[in-house]
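# Structure assessment
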Amino acid sequence: AIQRGQTIAAETFGLLSSNLQSAIQQGGVSNALPFCSLAASPLTAGMAEKHGVALRRVTHKPRNPAARASDFELAILKSFETALATRNSTNPPPPLATNLVAGQATFFAPIVLNNALCLKCHGEPGKDISAENQAIIQQLYPHDEATGFKLGQLRGAWRIDIPLASLAQTP
């Protein structure tokens, strides 16, 4: 489950990152913000469908309210934060898999902000985030909580629910 989860998370992150980079190249961060608002969820849903899993990003500080972590997910995020703090590094702690529901494995992998570009949308308003981009964030996400981060901090986690039957079919 961990190997399959890592593969799916890496592929999804690559897809989202490449699309985000294209949006930035076409019009800067101010172009990327509306793009993320419209495209991130459909791209993630497409990857879930492709792999036959349930796939989402969860966080303690959501931009999109649908990404708010449950109490159980918050405990997982806290364990990742603790592991990250003890590692004294921006390298993310290892992922984990558990069985929350019969017939499926649930994979969690930490999402750590390790690129300064991430701070253009998730850093400190007025310092990392320009006033123009902060205004766009507030317009798109009136209840945004996803700012104030620093490099090396935990942004959230990938959660992938994988049917156990599909693991038996994985080469």
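Residues numbered from 1 in each chain as written. Predicted model: local features only at pLDDT ≥ 70, side-chain atom pairs only at ≥ 80, totals over all residues. Heavy atoms only, no water.

What follows concerns the side chain of Glu73. With respect to the element layout, Glu73 can be found in helix α3 (residues 71–87). If we ignore the near neighbours within four places in the chain, the residues touching Glu73 are Arg56, Val58, Arg68, Phe108 and Arg159. (Helix = DSSP H or I, 4+ residues; strand = E, 2+ residues; numbered from the N terminus. Contact = heavy atoms within 4.5 Å.)

Take the side chain of Ser166 next. Summarising the element assignment, Ser166 is placed in helix α6 (residues 164–169). Residue classification places Ser166 among the buried residues on the basis of a relative accessible area of 15%. Polar contacts involving the side chain of Ser166 include one to the side chain of Arg4, which spans 2.8 Å. (Buried < 20%, exposed > 50% of the residue type's maximum accessible area, 1.4 Å probe, protein only. Polar contact = N/O pair within 3.5 Å; in protein donor to acceptor, adjacent residues only side chain to side chain.)

Okay, the sheet that holds strand β3 (residues 104–112) next. Across a sheet, strands are paired by hydrogen bonds formed along the backbone, either parallel or antiparallel in direction. The 4 strands lie next to each other as β1-β4-β3-β2, forming an open sheet whose pairing is antiparallel. Each end of this open sheet is capped by a strand with a single partner; those strands are β1 (54–58) and β2 (96–98). In this sheet, adjacent strand axes meet at a mean angle of 20° when their direction is disregarded. Inspection of the sheet shows β3 paired to strand β4 (residues 154–163) by 9 bridges, in the antiparallel sense. (Pairing = 2+ DSSP bridges. Axes fitted to C-alpha atoms, helices over the stretch in contact; angles between N-to-C directions.)

It is worth spelling out a nonpolar patch on the surface at this point. Together, Phe72, Leu100 and Val101 give the surface a local cluster of nonpolar side chains, amounting to about 240 Å² of exposed area. Mapped onto the secondary structure, Phe72 falls in helix α3. Using a relative accessible area of 38% as the deciding quantity, one classes Phe72 as partly exposed. (Patch = residues over 30% accessible without salt bridge, like charges linked within 9 Å, V, L, I, M, F, W, Y side chains within 5 Å. Areas by Shrake-Rupley, 256 points an atom, 1.4 Å probe, with all protein chains shown as cover. Salt bridge = Lys/Arg side-chain N within 4 Å of Asp/Glu carboxyl O.)

Of all the bends in helix α2 (residues 29–51), the greatest, near 45°, is centred on Cys36. Burial in α2 covers these residues: Val29, Ala32, Leu33, Ala39, Ala40, Thr44, Met47, Ala48 and His51. Among the structural elements, α1 (2–27), β1, α4 (119–122) and α5 (131–140) are those in contact with the buried residues of α2. Looking one or two places after α2, you find Gly52, whose phi comes out positive at around 65°. (Bend = angle between axes of the 7 residues up to and from the residue.)

Opposite charge on two side chains makes pairing possible when the charged atoms of those side chains draw close. For the structure shown, the criterion picks out 7 salt bridges. With its nearest N and O atoms 2.8 Å apart, the salt bridge here joins Arg63 to Asp144. Taken together, the positions of Arg63 in the loop between β1 and α3 and Asp144 in the loop between α5 and β4 put the pair 81 residues apart, joining distant regions of the chain. Pair check on accessibility: Arg63 and Asp144 agree, each one buried. When the shortest N-O distance is used, the salt bridge between Glu73 and Arg159 registers 2.7 Å.

Attention now moves to the nonpolar core. In terms of nonpolar packing, the biggest core is built from 14 residues, with Val53, Leu55, Phe107, Trp158 and Ile160 touching the most fellow members. Excluding anything up to four places from it in sequence, Val53 contacts Arg4, Ile8, Ala48, Ile160, Asp161, Ile162 and Pro163. By size, the runner-up hydrophobic cluster in this structure holds 10 residues, among which are Val58, Ile76, Phe80 and Ala157. (Core = buried A, V, L, I, M, F, W, Y, C linked by side-chain atoms within 4.5 Å.)

All right, on to the environment of Gly27 then. Mapped onto the elements, Gly27 comes out in helix α1. Once the C-alpha coordinates of Gly27 and Gly123 are considered, the two residues, 96 residues apart in sequence, prove to be 20 Å apart.

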